[in-house]
Amino acid sequence: GRPRVFVTRSDVPEAGLKILKNQCDVDIWERSTPIPREHLLQRIKGCDALFCLLTDKIDKAVLEAAGSNLKVVATMSVGVDHLDLPDIRAQNIPIGYTPGVLTDATAELTLALVLATSRRLIEANKAIYKGEWKSWSPSWMTGPKICGSVVGIVGLGRIGLRVAEYMHTLGAHKILYTSRCEKPEGIRVGAKHVEFNTLLEESDFVIVTIALVPETRGLFDCQAFSRMKKTAIFVNVSRGEVVDQPALIDALKNGTIRAAGLDVMTPEPIPLDHELLRLDNCVVIPHLGSAATETREKMSVMTAENILAVLHGRPGDMPAPLKI
Ligand code: GLV
Ligand code: GLV
């Protein structure tokens with residue numbers, strides 16, 4: 001019969017679902033909130049393919065619940081840290097993800113977050129409603145500009161490179177980056193490969209676009225923040241877990257760094273009474289990096305195509321996430 005695909009969310013853009021429905025029996029979780037684990041373990045039984053999101057933890061227990069029919073796990077995200085890669089690979093199950101299609105949207109959101117943080121857009125907007133705008137003032141709500149600054153990019157992958165290009169266009173004086181290896185592509189924008197500590201010490205903006213892997217978990221700890229300039233702006237669009245969050249909160253409270261812009265944090269969603277939400281020098285956005293309408297459609301289509309590539313016996317047609 002037709003292959004069975006399980007989709008873990010009701011509001012996945014229709015474009016991808018339509019492609020799947022042409023060829024497969026598609027079962028979709030009924031709600032627009034993350035599927036509870038026990039339901040996932042039930043619904044995946046006997047499926048040939050799983051279409052999941054970054055809110056679904058896919059590990060050995062899920063694979064066991066699925067049974068031997070499972071041929072592919074495809075996530076509608078570029079991040080794969082929610083997938084237990086060793087467990088999935090141990091069963092020879094190809095893994096689909098969506099690099100490339102969200103690079104521009106995520107780099108644009110990063111730029112927005114850099115500007116919102118440095119030029120204090122959220123704080124200034126709130127100030128109006130609090131009646132604090134008394135007059136135009138020479139030094140009220142001032143902050144650093146990108147033009148002439150030193151920008152440090154931690155992880156010069158697709159997104160990091162695009163962010164580097166945008167910063168270069170805006171007149172950044174120097175662009176530094178760290179990466180597992182030197183990236184010849186960086187030359188186009190004059191980006192210079194440096195040691196992590198050098199990047200921390202020299203950058204006015206520290207922008208994190210690195211994947212969450214065991215080596216990057218907690219990378220930004222108390223020591224890292226204390227190496228940064230007191231005027232540094234820290235922006236994270238990768239995963240909250242690359243940051244030791246209590247250390248970041250201390251750094252923001254004590255003036256170790258100037259401000260932070262976070263598209264990602266721990267936990268997500270962040271509780272309303274969380275200390276991060278009480279800091280004027282922290283801009284928090286609810287994980288919207290790829291949230292451009294057209295981008296989400298493309299991610300949905302790419303995830304469906306990844307599934308079909310494997311079901312049609314062409315797993316090589318789908319990009320493979322880095323071995324970690
Ligand atoms: C978003 O965080 C993604 O991994 O696609
Ligand atoms: C990571 O995949 C990136 O696109 O930077």
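Everything below is about the structure shown above.
These remarks concern the structure in this document. (Residues numbered from 1 in each chain as written. Chains lettered and ligands numbered in written order. Predicted model: local features only at pLDDT ≥ 70, side-chain atom pairs only at ≥ 80, totals over all residues. Heavy atoms only, no water.)

### Comments concerning the site of ligand 2
Ligand 2 sits among Val-78, Gly-157, Arg-158 and Ile-159. Side-chain polar atom of Arg-158 to an oxygen atom of ligand 2: 2.8 Å apart, as the coordinates give it. Relative to its unbound accessible area of 190 Å², ligand 2 is 81% covered by the protein chains. Its residues placed into classes, the shell around ligand 2 shows two nonpolar, one polar and one charged. (Near = heavy atom within 4 Å. Polar contact = N/O pair within 3.5 Å; in protein donor to acceptor, adjacent residues only side chain to side chain. Areas by Shrake-Rupley, 256 points an atom, 1.4 Å probe, with all protein chains shown as cover. Nonpolar A, V, L, I, M, F, W, Y, C, P; charged D, E, K, R; others polar.)

### Here's the deal with the layout of surface pockets
When its volume is computed, the second largest pocket comes out at roughly 350 Å³. Every residue lining the second largest pocket is counted, 22 residues in all, and those nearest its centre are Leu-279, Asp-280, Asn-281, Cys-282 and Val-283. Secondary-structure elements contributing two or more residues to the lining of the second largest pocket are helix 5 (103-118), helix 6 (121-129) and strand 12 (282-284). (1 Å grid on protein atoms, 1.4 Å probe; cavity = no way out; pocket = protein on both sides within 12 Å on 5 of 7 lines; lining within 4 Å. Points joined across faces, edges and corners; volume = space filled by probe spheres on them. Helix = DSSP H or I, 4+ residues; strand = E, 2+ residues; numbered from the N terminus.)

### Points about the side chain of Thr-216
Mapped onto the secondary structure, Thr-216 falls in the loop between strand 9 (205-208) and helix 9 (222-227). Thr-216 sits in the buried class, given a relative accessible area of 7%. Only 2.9 Å separates the side chain of Thr-216 from the backbone nitrogen of Val-213, close enough to count as a polar contact. Dropping the residues within four chain positions of it, Thr-216 is found in contact with Ile-210, Ala-211, Glu-241 and Val-242. (Buried < 20%, exposed > 50% of the residue type's maximum accessible area, 1.4 Å probe, protein only. Contact = heavy atoms within 4.5 Å.)

### Details of the pairing of strand 1 (residues 4-7)
In this structure, strand 1 lies alongside strand 2 (residues 25-28), joined through four bridges in parallel fashion. Its bridge partner being in strand 2, Val-7 is matched across the sheet by Ile-28. In this fold, the crossover linking strand 1 to strand 2 by way of helix 1 (residues 14-23) has right-handed handedness. As paired strands, strand 1 and strand 3 (residues 49-52) are joined by three bridges and run parallel to one another. (Pairing = 2+ DSSP bridges. Right-handed = clockwise from strand over helix to strand, strands pointing away.)

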